[in-house]
Structures are given as structure tokens and as C-alpha cells.
Amino acid sequence: MIMRKSLRLRSITLMMLMAVLVWSVTLETCIARRGRHWRHNNRRSSDLSDSMSSKKPKSHGNSHHSSHNNNNSHNHESKPKPKPKLQTPPKVDDNYNSPVVSQLPKVQPPSLPSLNESQVFNVMDFGAKGDGIRDDTKAFEAAWEAACKVEASMMIIPPEYTFLVGPISFSGPYCQPNIVFQLDGTIIAPTDSKSWGKGLMWWIDFTKLVGIKVQGKGVIDGRGSGWWQQDYPFIDGETKLIVPLNNSVNQNPPGSEFDLKMPSIKPTALRFYGSIGVEVSGITIQNSPQCHLKFDNCGDVVVHDMTVSSPGDSPNTDGIHLQNTRDVLIHSTTLACGDDCISIQTGCSNVYIHTVTCGPGHGISIGSLGKDSTKACVSNITVRDVAMHNTMTGVRIKTWQGGVGSVKGILFSNIQLNEVQLPIVIDQFYCDHTTCKNQTSAVAVEGVTYERIKGTYTVKPVHFACSDDFPCVDVLLSAIELKPVQERYHMYDPFCWQTFGELNTPTLPPIDCLQIGKPARNRVQSDHDVC
């Protein structure tokens, strides 16, 4: 009996020892696995840490063996201490889209700030009706007054509305910079003479502003036919060169929307004065009483992707008029009017015009300059990649007798012409009156290049009429190809008077009248007259 109890006790003890042994081995395996898992997840940062430290060599997974060599044998069962975090960020996988980075807001460039409600001023919120009948001038003035106080604000003229607005001035100099005039609706001018008083020089005026933009898909309609009838017939200085066959030219005045007598002073539709950083884009200006878009005493001007539209017989309706304005870029624009598509007046320099369509109209002109014996200075003008159709002149320089100053540094390049009456003109005897007094002084013309001027003409291909005392010098011509098209006018050969320069290639037709080289004698302007 005693023997049986002893054997049973031994069996129980043996089973307990085996259970303890199995439990111990399982625990050891779990600890080892947990240690390897930690080292796998932290190997990149551990290796980076080791590489940044010159005191500790890389272990490459020998930490478990080292723990058995430690005097404290229980350390191999504890979780190893993680190394301190480094300030250097880990490498970022280029294919990994971090959820943090993807949620960050996109930062807009400083020139295009995002707008919030406090920066947006809609004319409808200031009482505008937009029915084309009731006067919305006060609503526009109120909206501008509010927008003027906020930097980088936007005044909105919404689409699908027509706003009747009288003469209005959006002026500084106390306005905040970078205001946007967002025009997507239609603005129309009043057609009653009372709204204009004795006459005004402009209708919509922006004065003394910094960073002003007028943009959108809207229309500014000057409804100017009432003024046009009063100026008919309109005489351009080159009209005398155009002689119709059998008096076949239509002399009827343009039609009018109203019969009331309008003031003799005609307004420009949209004018910028004394402003810097001006941009006009997208809009259409049509039927202005006089000039459509004018810049006076401005700098850093950009005009693009806009349209000017008026009948070809609307008098004095220049498309874009520049005066005392520098650093100008005009491109990707369509201009149709009754006078110069672009007119460049005194005080203009660094003007670059390209990718423009002109016609009907009177071409692109520098001048007229020097009227009433005034001083005129124009320099560094480039006109290139322009298409003209059914215009009176193509590229023209026009100055009055008696003026002083100079026109220099001019390039006309790659001009395509379709049935233009007078494609290339320099006229130092310009006169838009019946008669003008002969005078010896003149605005000097020098350094004018014509290249790749091609197409068709209907009156005369080249007209160079320069001063006896101040001949035109350094006139360079190359790749001129102009073919005649008989229409309603008498046609003439190229004409040159006191014009000196170079023919770099043969021309069509031959321009044999150009005098090669320099004039033997040329009058020198006084210091007061030099630009």
C-alpha cells in the first residue's frame, strides 16, 4: 500500500516538472519572438542612429547574444530600451501619399490671394437693379467705396444683367492695392445729353491706383452713334492720299440710336490715369463715342484677350490709345474701330505689341506727334505678328510740322496685310485740317525697321514723306512683299522723300526711291529739343 502511494506521488511530481519545463520553453520562445519583432520594426531608425554615431558600431542582430554575456542574466528577458529619437527626418517614399500632407491646404501665390466674403463686393448687394433702364451709378459708387478699403478685394458686376451707368470715376490714391473689377455683365452708357452736361473727356475712369485689374467676359457699350454723326465726315491726315475712282466711295454718315444733340466733347469709354500695374483682359468694349480704351501716365500695363468693336466709319474711335505710358504689353487682342487700332502718343516707351488682329480701322500708328509745336518723345516700340484686313493704313508714323523731339528704336515685324490701302507710312507732314502751315522744325525719325511685311494693298504700298531739315534716317527694309489689288481707288508706286536707310533684301514692288546710306547734311536739334 505504501509502495503504491510512493509511485503515485513520483508520477505526479514528474508530470508537474514536465509541465513547468514546457511552460518555461514556451515563455522563452515568446520573449525571443517579441524581441525580434521590435528589432525588425526599428531596424531602419536603429541603423540610421548608428550611422549618425561614430562611437557605437552596428550590432546587426547580435543583441540577444550579448545579453547572455551580461552579468545580469535577466536582462535578456526584458524589452530593450529604444534609442532616443533623432531630429533628422527619415527618408520619404516618393510613392507614398502622406495623409497629413494631402490634407494641407494649397498655398496660393501672393499675386493671386484667395478671397473670402469680406473681400467680395457685388453691386447687386448695394442696390443695383441691372435692368438697363434704372440708373445704377450710385450702386456702383457704393460698391467701389467699400471695395476700395480692402486690399486685394473684388468688385463684381454679375452676368445676365445690364447696368445703366453714367459718368463714373473709380479713384485712389487712398484705395488699397490689387483690386479686381470683375465684369461679367453688361454696362451701357446713357444716351441723353443731360447725363453728360457740357461734355466730359471720359465715361468710366480709374485713377491713381496700384495693381488694378479689369477682367471678365462682360461688355462695356458706349452707345456712341449720337456723337459720330456730329463728326462726319471724319478727315484723317492720309485721306488726301486716297483718291476714289468715279467718286464711288460711300459718303453716308453712320446711323444713330437717337436724334438728340450731344455735347461736342466726346468721352473715352474706359480710361486709366496715373496708375501702376494695370491689367485689362477678357472684356469687350464697343461703340465708344470716341476712344475705347486709354492709358495716360501709367506704367506696367498688360492688355490681352480682349475685343474692341465699332463700325469702320465711326470717327475718332481709336481702339487702344497710349499716352505718357511705359512698359506696356498688348497681345492676343481683336480690334475693330473707325480710327487707329492702336495709337501710340508722346511719352511712350518700352511697348511690345504682338498677336493682334486689326480691322476695320486705321492700322497701328505712332502719333500723331508734335502738334502745335510741342515736344514728343517715343522710343523702343515693337509691333510683330499682327494681321490687318481692310484698314486704311498698316504700320504708320505720323508727325506734325513744327514739332520737336524724336521717334527712334521702332520695329515692325511679321505683319500680314489683306487689302490695306497704305501698308507702310512715315508722314512728317501730317495734317488733319484742310490746310496746315509749312514749318522747318520736325520730330526726328530714326532707327525704324520693317521686316516681313507681306500681303495686298489697294492704293500705295509705301509712302515715306520726311522733313527737308530733319530727314528720316536708318530706315531698314527686308522681306517686303506687297501685291496690288485694284478696288475703288487710283493706285500709285512707292513714294519716298528725304528718306535714308538700307534695303537688306529685294522688295516687291521695288522701293528704288529709298536713299541708301546717310544724308550729307542733317540739321541738329538743340539740347532743349532732344529727348
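A quick note: this is a predicted structure, and the numbers were derived from the prediction, not measured. (Residues numbered from 1 in each chain as written. Predicted model: local features only at pLDDT ≥ 70, side-chain atom pairs only at ≥ 80, totals over all residues. Heavy atoms only, no water.)

1. What about the overall build of the chain?
- If you tally the helices and strands in the chain, you get six helices and 31 strands.
- Across the 531 residues of the chain, 44% fall into the buried class.
- Contacts spanning at least 24 positions in sequence make up 78% of the contacts within the chain whose residues lie at least 6 apart. (Helix = DSSP H or I, 4+ residues; strand = E, 2+ residues; numbered from the N terminus. Buried < 20%, exposed > 50% of the residue type's maximum accessible area, 1.4 Å probe, protein only. Contact = heavy atoms within 4.5 Å.)

2. Things to note about a nonpolar patch on the surface
- On the surface, Phe 429, Phe 495 and Trp 497 cluster together into a nonpolar patch covering about 280 Å² of accessible area.
- Mapped onto the fold, Phe 429 is located in the loop between strand S25 (422-427) and strand S26 (444-457). (Patch = residues over 30% accessible without salt bridge, like charges linked within 9 Å, V, L, I, M, F, W, Y side chains within 5 Å. Areas by Shrake-Rupley, 256 points an atom, 1.4 Å probe, with all protein chains shown as cover. Salt bridge = Lys/Arg side-chain N within 4 Å of Asp/Glu carboxyl O.)

3. With respect to the pairing of strand S18 (residues 326-336)
- In this structure, strand S15 (residues 299-304) lies alongside S18, joined through five bridges in parallel fashion. Looking at S18, one finds that Val 303 is bridged to Ile 330.
- The sheet contact formed by S18 and strand S20 (residues 348-358) spans eight bridges and is parallel. The partner of Leu 335 across the bridge, within S20, is Cys 358. (Pairing = 2+ DSSP bridges.)

4. Quick word on the sheet that holds strand S29 (residues 495-497)
- In spatial order, the strands read S5-S8-S11-S14-S17-S19-S21-S23-S25-S27-S29; together these 11 strands make up an open sheet with parallel pairing. Each edge of the open sheet carries a strand with a single partner, namely strand S5 (168-171) and S29. Within this sheet the neighbouring strands show an average axis-to-axis angle of 15°, counted without direction.
- By the bridge criterion, three bridges tie strand S17 (residues 320-323) to strand S19 (residues 342-344) in an arrangement that is parallel. Looking at the pairing, Ile 320 lines up with Ile 342 of S19.
- On top of the sheet, helix H5 (residues 137-148) reaches S5 and strand S8 (202-207); it is set at about 0° to S5, its chief contact. (Axes fitted to C-alpha atoms, helices over the stretch in contact; angles between N-to-C directions.)

5. Describing the pattern of salt bridges
- Evaluated as defined, the whole model comprises 10 salt bridges.
- Residue Arg 396 is joined to Asp 236 by a salt bridge in which the shortest nitrogen-to-oxygen separation is 2.8 Å. Taken as a pair, Arg 396 in strand S23 (residues 393-399) and Asp 236 in the loop between helix H6 (225-228) and strand S11 (268-273) lie far apart in primary sequence, 160 residues in all.
- With a closest N to O distance of 2.6 Å, Lys 518 and Asp 474 form a salt bridge. Of this pair, Lys 518 sits in the segment after strand S31 (515-516) while Asp 474 sits in strand S28 (residues 472-484); the two residues are 44 residues apart in sequence, bridging distant segments of the chain.

6. A look at H5
- Spanning 12 residues, H5 covers 16 Å between terminal C-alpha atoms, matching the ideal 16 Å at 1.5 Å per step.
- Among the residues making up H5, those that are buried are Thr 137, Ala 139, Phe 140, Ala 143, Trp 144, Ala 147 and Cys 148. Down the axis of H5, the buried side of the element spans an arc of 165°, and every buried residue falls inside it. When the buried face of H5 is taken as reference, the exposed residues oriented beyond 90 degrees from it are Lys 138 and Glu 145. (Expected span 1.5 Å × (residues − 1). Arc of directions from axis to C-beta.)

7. Some thoughts on the confidence of the model for the chain
- On average, the chain scores 83 in pLDDT, and the residues at 70 or more come to 75%.
- Per-residue pLDDT stays below 50 along residues 25-112; that stretch engages in 25 contacts with residues further than four places along the chain or on separate chains. (pLDDT = per-residue confidence, 0-100.)

8. Here we look at the environment of Ser 368
- Position of Ser 368 among the secondary structure elements: in strand S21 (residues 364-369).
- You can call Ser 368 partly exposed: its relative accessible area is 22%.
- A distance of 3.1 Å separates the side chain of Ser 368 from the side chain of Trp 400, its partner in a polar contact. (Polar contact = N/O pair within 3.5 Å; in protein donor to acceptor, adjacent residues only side chain to side chain.)

9. Quick notes on the state of the cysteines
- Overall, the coordinates contain six disulfides when judged by the stated rule.
- The disulfide that involves Cys 377 links it to Cys 531, with 2.0 Å between the sulfurs. Measuring handedness by torsion sign, the sulfur bridge of Cys 377 and Cys 531 sits at about -95° and is left-handed. Within this pair, whereas Cys 377 is found in strand S22 (residues 375-389), its partner Cys 531 is found in the segment after S31, the two being separated by 154 residues in sequence.
- By relative accessible area, which is 42% here, Cys 531 ends up partly exposed.
- Between Cys 496 and Cys 513 runs a disulfide, and the two sulfur atoms are separated by 2.0 Å. (Disulfide = S-S within 2.5 Å.)

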